[in-house]
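Coordinates in review
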Amino acid sequence: MSEQKFEFAFIYVAGGVDPQKARARIESDEINMNVVGCSTYEQAEQIAREMVAKGCTALELCAGFGN
């Protein structure tokens, strides 16, 4: 019986980043890490919603987002 992997996402913000191109998925035996870049907070919100719909149960924002 296989267990479901832990899905999470790391979202970073940087000028001029296209969230449709700036993507990576790193898989291991226990987790799937989705890394997505964006250039605006609005894009980050869309990406966060997409990742939750995809099954991510944890989202982490880079320090570039500020407070």
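Everything discussed here concerns the structure shown above.
First things first, this report covers the structure right here in the doc. Only a predicted model underlies this, so the values are computations on that prediction, with no experimental measurement involved. (Residues numbered from 1 in each chain as written. Predicted model: local features only at pLDDT ≥ 70, side-chain atom pairs only at ≥ 80, totals over all residues. Heavy atoms only, no water.)

Attention now moves to the pairing of strand β1 (residues 6–13). Looking at chain direction, β1 and strand β3 (residues 31–38) are connected through eight bridges and run parallel. Across the sheet, Ala 9 pairs through a bridge with Asn 34, a residue of β3. (Pairing = 2+ DSSP bridges. Helix = DSSP H or I, 4+ residues; strand = E, 2+ residues; numbered from the N terminus.)

Glancing now at the packing of aromatic side chains. Inspection of the entire model under this criterion finds two aromatic pairs. Each ring, one from Phe 6 and one from Phe 8, has its centre 5.6 Å from the other, and the planes form 25 degrees; the classification is stacked. Among the residues examined, Phe 8 registers a relative accessible area of 16% and is labelled buried. (Phe/Tyr/Trp six-rings, centres within 6.5 Å; stacked < 30°, edge-to-face > 60°. Buried < 20%, exposed > 50% of the residue type's maximum accessible area, 1.4 Å probe, protein only.)

This part covers the pattern of salt bridges. Counted by the stated rule, this structure contains five salt bridges. One salt bridge connects Arg 25 with Glu 27, and the closest N-O pair in it is separated by 3.1 Å. For Arg 25, a relative accessible area of 37% translates into the label partly exposed. Between Arg 49 and Glu 45 there is a salt bridge, with its nearest N and O atoms 2.9 Å apart. In this pair, Arg 49 and Glu 45 both sit in helix α1 (residues 41–54), four residues apart, roughly one turn of the helix. By relative accessible area, Arg 49 is classed as exposed at 58%. (Salt bridge = Lys/Arg side-chain N within 4 Å of Asp/Glu carboxyl O.)

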